[in-house]
Amino acid sequence: MAKIFVARALPGNAIERLREAGHEVTIHGGSMPPTREQLIAGVAEADGLLSLLTDRVDGELLDSAPQLKAVANFAVGCDNIDLAAAAERGIPVGVAAHVLTDATADLTMALLLAAARNLPEGERDAREGRWKTWEPEGWLGRELRGAKLLIIGRGRIGQAVADRAEPFGMQISFVGRNDDLHAALAEADIVSIHCPLNDQTRHMIDAAALAAMKPDALLINTTRGGVVDQAALIEALHAGTIGSAALDVTDPEPPPADDPIYSAPNCLIVPHIGSATATTRAAMGNCAADNLLAALAGEPMPTPAPSPPSA
Ligand code: DGY
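Residues numbered from 1 in each chain as written. Predicted model: local features only at pLDDT ≥ 70, side-chain atom pairs only at ≥ 80, totals over all residues. Heavy atoms only, no water.

Looking only at helices and strands, the protein has 11 helices and 11 strands in total. Its C-alpha atoms put the protein at 70 × 45 × 35 Å along the principal axes. For the protein, with 311 residues in total, the buried portion stands at 50%. A sequence separation of at least 24 residues applies to 61% of the contacts in the protein between residues at least 6 apart. Surface exposure of the protein reaches about 14,900 Å², of which carbon and sulfur atoms provide 53%. (Helix = DSSP H or I, 4+ residues; strand = E, 2+ residues; numbered from the N terminus. Buried < 20%, exposed > 50% of the residue type's maximum accessible area, 1.4 Å probe, protein only. Contact = heavy atoms within 4.5 Å. Areas by Shrake-Rupley, 256 points an atom, 1.4 Å probe, with all protein chains shown as cover.)

This is the structure we're talking about:
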């Protein structure tokens, strides 16, 4: 029997499965993440940690968990975890890979369509009395057939977005680690970011990258806010260097109420809901449970996190 600390209540039957396997599971209650102190106290006697992307798992935390044998993240991203620190301590880390590809790609298309056809503005205008008549020149959006969609990242989610965009008649291209990002950005009408956040990609979309984009380009981000230099994005939207942005993720999350991102023009923001379907969230829980159950039984995790750069 192992002790497992779960950093938030989860949908689906992951917790039940951990308990059925004979483990003692403690769940941090409430809708907010554990504070640092609560997390440290939670892992003090734990053999396993089921963390969320809101929990910072670093060397200090791992050192306060002398029994810890496994960390399973309830996310495909793992930028909240110091993978090198975990590797140094021999603690395997698992991620919820594969299971959120479709949900995230669907949300990307929802953002793309909403931003391309001005849905937030149209919705506000309809409700707030600005819909006076059918307007031949009102609420004009962007045609998708023939539009050039650039996907940053060559992973599963980027490919799933391409699969969805292709039937709309979009011209799709990809840019990866070793390609000329700025040259690719200069050609694109719509740019969608699907690379992980790490030391190489942090602020990859900076002022220079934004300046390389077309003045009417739409930037979509469903990965991590930190891939974009948000201050530069706000400036670019105000200056009209790019046309619009659709963000599922921001930096920080959530932005404080007075954050200038909320007053940037043509900027659609939703609260990090890429994986938010009941089916996907349950599957993410199962993935985390599978990783914990395997590691606690001394077996390899089915979906491990990528190796840290130095490993
Ligand atoms: C992840 O799993 O990394 C997603 O951002 C959660 O929606």
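Here helix H5 (residues 101-116) crosses helix H7 (residues 156-165) at 50 degrees, and the two axes come no closer than 9 Å. When the axis of H5 is compared with that of H7, the two are oblique. With respect to the hand of their crossing, H5 and H7 are arranged in right-handed fashion. Within the contact between the two elements, H5 uses Thr-101, Asp-102, Thr-104, Ala-105, Asp-106, Thr-108 and Met-109 and H7 uses Arg-156, Ile-157, Ala-160, Val-161, Arg-164 and Ala-165. (Axes fitted to C-alpha atoms, helices over the stretch in contact; angles between N-to-C directions. Parallel < 35°, antiparallel > 145°, perpendicular 65-115°, else oblique. Left-handed = near helix turned anticlockwise from the far one by under 90°.)

Time to look at the site of the ligand. Around the ligand lies a shell formed by Leu-53, Ala-75, Val-76, Gly-77, Leu-100, Arg-224, His-272 and Ser-275. Within the contact set of the ligand, an oxygen atom lies 2.7 Å away from a side-chain nitrogen or oxygen of Arg-224. About the coverage of the ligand: the protein hides 92% of its 230 Å² of free accessible area. Across the shell around the ligand, the residue classes tally to four nonpolar, three polar and one charged. (Near = heavy atom within 4 Å. Polar contact = N/O pair within 3.5 Å; in protein donor to acceptor, adjacent residues only side chain to side chain. Nonpolar A, V, L, I, M, F, W, Y, C, P; charged D, E, K, R; others polar.)

Another point: helix H10 (residues 230-239). Each α-helix turn comprises 3.6 residues. Residues three or four places apart therefore point the same way. Of the residues making up H10, those classed as buried are Gln-230, Ala-232, Leu-233, Ile-234, Ala-236 and Leu-237. In this structure, the buried residues of H10 make contact with helix H9 (207-212), strand S9 (218-221), strand S10 (244-247) and strand S11 (267-269). In this structure Asp-229 caps H10, since a side-chain oxygen of it lies 3.2 Å from the backbone nitrogen of Ala-231. Just past H10, the residue Gly-240 takes up positive phi, approximately 75 degrees.

Taken in spatial order, the six strands of this open sheet run S7-S6-S8-S9-S10-S11, and their pairing is parallel. Each having just a single partner strand, strand S7 (171-175) and S11 make up the two edges of the open sheet. Neighbour-to-neighbour, the strand axes of this sheet turn through a mean angle of 15 degrees, independent of strand direction. One ladder, built from four bridges, connects strand S8 (residues 190-193) with S9; its direction is parallel. Paired with Val-191 across the strands is Leu-219, a residue of S9. Against the sheet, H5 touches strand S6 (148-152), S8, S9, S10 and S11, its axis set at about 155 degrees to S9. (Pairing = 2+ DSSP bridges.)

A separate point is helix H11 (residues 278-296). Helix length check: H11 (19 residues) gives 27 Å between terminal C-alpha atoms against 27 Å at 1.5 Å per residue, within 8%. Listing the buried residues of H11 in full gives Thr-280, Met-284, Gly-285, Cys-287, Ala-288, Ala-289, Asn-291, Leu-292, Ala-294, Ala-295 and Leu-296. Taken together, the buried residues of H11 touch strand S1 (3-6), helix H1 (14-20), strand S3 (48-51), strand S4 (70-73), strand S5 (93-94) and H5. Positive backbone phi, at 80 degrees, marks Gly-298, one or two positions downstream of H11. (Expected span 1.5 Å × (residues − 1).)

Right, let's talk about unusual backbone geometry for a bit. Look at the link from Asp-251 to Pro-252: it is a cis peptide, with omega at 5 degrees. Pro-254 follows Glu-253 through a cis peptide bond whose omega is -15 degrees. Structurally, Pro-254 can be placed in the loop between S10 and S11. Look at Asn-118: it is not a glycine, yet its phi comes out positive at around 55 degrees. On the secondary structure map, Asn-118 appears in the loop between H5 and helix H6 (119-127). In this structure, His-203 is a non-glycine residue whose phi angle is positive, near 55 degrees.

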